[in-house]
Amino acid sequence: MLAFYLSLVDSEEDKSKVEQIYYQYRNLMFYVARDVLRDEKLAEDAVHQAFIRIINHLDGVEEIVSHKTRCFVVIVVRNIARTMYDKRKRELGFVEAEEAQGHEFADRKNVEAEVITQMTVDDIKQQIEKLPRIYRDVMVMRYFYEKDEREISHLLGISYAATRKRLQRARELVGHKRKRKGV
C-alpha cells in the first residue's frame, strides 16, 4: 500500500513525509478506525481513505513525530470511520441517534464573539477539550491546524455547511460555558 501512496506525490520531500507518516501512524490509525467500526476490513478502508486525504494536505504537516501530527491523523481517520459507520447503520436500516441538540443553540447567537475575546489561550484550550468530539475536531482543525472551512470539510468528510455549523456551535458552546462561569 505504501507504494500506492508514494505514487500520489511528486517531490522527494513529500515522498519522505508520506513514508514517515505511514510507518509512524498506520497502526494507530488502524486501531482508531477499528475501534469505531468494529470491523477489520472496514477499518483498513478507512485508513486507506485517511492516507489519501492526508496526502492531499501534506503542507499542513511540519514535524512527523509530534503531538500535533498525531492528533491530525487521528482526527482524519476517526471522522472517516465515523462517516462509514453512520452510512453502514443507515444502509442496515437503523435509525440514527446522533446528538439531538437543535433548540439548545438558538439562544446563544451572539455570545461567542464577546466571551471568546475575553478568554486566555489556556482557558480556550480547556474549554475545547470539554466539547463533544464533533465540535472539538472542527475547532482543533480550525484553530490549532489553521485550516479553513473548506479544508476542514474535505479532511473530515462532511459538507461545508456542516463544518460551518459545527464551528458556530462549538464557538457558542465555548462562549456559553465561559459566560456561565461569570467572565
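Residues numbered from 1 in each chain as written. Predicted model: local features only at pLDDT ≥ 70, side-chain atom pairs only at ≥ 80, totals over all residues. Heavy atoms only, no water.

A. Geometry of the packing of aromatic side chains. Tallying each qualifying case throughout the model produces seven aromatic pairs. Seen in terms of ring centroids, Y5 and Y22 are 6.1 Å apart; in terms of plane orientation they differ by 50°. Their pairing is tilted. Placement of the pair is Y5 in helix α1 (residues 2–7) and Y22 in helix α2 (residues 12–37), with a sequence separation of 17 residues. A relative accessible area of 13% means that Y22 is categorised as buried. Each ring, one from Y5 and one from F51, has its centre 4.9 Å from the other, and the planes form 25°; the classification is stacked. With Y5 in helix α1 and F51 in helix α3 (residues 40–55), this pair connects stretches of sequence that are 46 residues apart. Pair check on accessibility: Y5 and F51 agree, each one buried. Every member of this aromatic cluster is reached through a ring pair, and the members are F4, Y5, Y22, Y23 and F51. Here the basic side chain of K68 rests over the ring of F144, its NZ or CZ set 5.6 Å away from the ring centre. The aromatic ring of Y160 is capped on one face by R150, whose charged end is 3.8 Å from the ring centroid. (Phe/Tyr/Trp six-rings, centres within 6.5 Å; stacked < 30°, edge-to-face > 60°. Helix = DSSP H or I, 4+ residues; strand = E, 2+ residues; numbered from the N terminus. Buried < 20%, exposed > 50% of the residue type's maximum accessible area, 1.4 Å probe, protein only. Lys NZ or Arg CZ within 6 Å of the ring centre and 35° of its normal.)

B. Broad picture of the pattern of salt bridges. Under the criterion given, the structure shown has two salt bridges. D35 serves as the salt-bridge partner of R38, at 3.3 Å between the closest nitrogen and oxygen. D35 gets classed as partly exposed once you look at its relative accessible area, which sits at 40%. Here R78 ties to D137 by a salt bridge, and the two come within 2.5 Å at their closest N and O atoms. In this pair, R78 sits in helix α4 (residues 67–91) while D137 sits in helix α7 (residues 133–144), placing the two residues 59 residues apart along the sequence. We note that R78, like D137, is buried. (Salt bridge = Lys/Arg side-chain N within 4 Å of Asp/Glu carboxyl O.)

C. Summary view of the side chain of H57. Looking at where H57 falls in the secondary structure, it is placed in the loop between α3 and α4. Residue contacts for H57: discarding those within four places in its chain leaves F72, K147, E151, H154 and L155. (Contact = heavy atoms within 4.5 Å.)

Interpretation note: all reported values are geometric properties and have no functional meaning in isolation.
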